[in-house]
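So the chains spell out like this:
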Amino acid sequence: MGERSAENGVNRRALALVHNVLPEYRRAIVGTLLPAMESRGFLVEIRAADEGEALPAPGEVDLIVVTGSADSVHDETLAWVEPERQYLQDAVATEVPILGVCFGGQILAAALGGWVAPSAHPEHGFTPVRTTRPGLVATGPWMQYHYDTISLPDVVDVIAENDAGVQAFVSGPHLGVQFHPEISPECFAAWRDGFSGTKGDMSDHGVDLGGLARAIAANAEIAARDCDLLFERFLDHAGLGESTVL
């Protein structure tokens, strides 16, 4: 774990990796995971993995959170995807807990020896999942917005699925989820307005963005609570919860 851990969790260091997002939207894109981390004493550093920004060595941080992207892990034209995958492999080898969200879960799966492909069943909106570990990942409904799907080697434990495919998995201290627990109205606005490049144009996807925005606003309080609880349970799973911090 990172050497900057402190008693009761104060001043622990978390790295949040974001992708394709304009600088002024970086905090919003981390969504409700940001206050979940900060309220537990994590100093959160946000870095753009796709812009070649220098990243701390995995052993210098206590936790890595990998957020979503308008791009795909399987897009071989993207020069930054392979270095990020290798960085996460190094973090796995260093036993730094990783929480991967949507694209973050997909690239974590790739770092663990799995693969990612276009999905025959893209998902948009709040969707329940079937879970074998409800004490870690609840049934939801969870916010979905993705076009790809995850496959995993047998050594990785799939703990939640639905008819579209894998929804959550664990490997050691790491947790990957296909859904977006961090969603909030501000986060969704950052998706719409903050992603850079043509792939970030959500209006081209044929999704009812207005209806989705209304659903997110109506569920904001519940979604924030569910995200905070998921993060708390992830910390316990990873050995970083209040009862396990030195």
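Once a new chain begins, its residue numbering starts again from 1 and follows that chain's sequence as written. pLDDT decides what is reported in this predicted model: residues at 70 or higher carry local features, side-chain atom pairs at 80 or more are listed and counted, and totals for whole chains, interfaces and linings draw on all residues regardless. As a convention, hydrogens and water are excluded, and side-chain values are obtained from all of the structure's heavy atoms.

### A closer look at the confidence of the model for the protein
Consideration 1: When the pLDDT values of the protein are averaged, the result is 92; 91% of them are 70 or greater.
Consideration 2: You can read pLDDT as the predictor saying how much it trusts each residue, on a scale of 0 to 100. Should any heavy atoms of two residues lie within 4.5 Å, those residues are considered in contact. Note that pLDDT drops below 50 for residues 1-9; the model gives that stretch 31 contacts with residues more than four away or on any other chain.

### Brief notes about the pairing of strand E8 (residues 157-162)
Consideration 1: By definition, two strands form a pair when at least two bridges between them are found by DSSP. Secondary structure elements follow DSSP: runs of H or I no shorter than four residues count as helices, runs of E no shorter than two count as strands, and numbering proceeds from the N terminus. Summarising the sheet, strand E6 (residues 130-131) and E8 pair through two bridges and their orientation is antiparallel. Within E8, the position partnered with Arg-130 by the bridge is Glu-161.
Consideration 2: As consecutive antiparallel partners, E8 and strand E9 (residues 165-171) are separated by two residues.

### Digging into unusual backbone geometry
Excluding glycine, residues mostly carry a negative phi; peptide bonds, for their part, are mostly trans.
Consideration 1: A cis amide bond links Gly-140 to the next residue, Pro-141, at an omega of 15°.
Consideration 2: Inspection of the secondary structure puts Pro-141 in the loop between E6 and strand E7 (142-151).
Consideration 3: With a phi close to 65°, Asn-20 is a non-glycine residue in the positive phi region.
Consideration 4: Along the chain, Asn-20 falls in the loop between strand E1 (12-18) and helix H1 (26-30).
Consideration 5: The phi torsion at Cys-102 lies on the positive side, around 55°, for a residue other than glycine.

### A closer look at the packing of helix H5 (residues 185-194) against helix H6 (residues 209-218)
Consideration 1: Helix axes are fitted to C-alpha atoms over the stretch in contact, other axes to C-alpha atoms as well, and angles between N-to-C directions run from 0 to 180 degrees. Between H5 and H6, the least distance of the axes is 9 Å, while the angle of their chain directions is 155°. Comparing the axis directions of H5 and H6 gives the class roughly antiparallel. Residue-level inspection shows Pro-185, Phe-188 and Arg-192 of H5 in contact with H6, the latter providing Leu-209, Leu-212, Ala-213, Ile-216 and Ala-217.
Consideration 2: Of the residues that constitute the contact of H5 with H6, the class distribution is seven nonpolar, no polar and one charged. Any angle from 65 to 115 degrees is called roughly perpendicular, while one under 35 is roughly parallel, one over 145 is roughly antiparallel, and all others are oblique. Gly is put with the polar residues, along with every residue not named as nonpolar or charged; the nonpolar set is Ala, Val, Leu, Ile, Met, Phe, Trp, Tyr, Cys and Pro, and the charged set is Asp, Glu, Lys and Arg.

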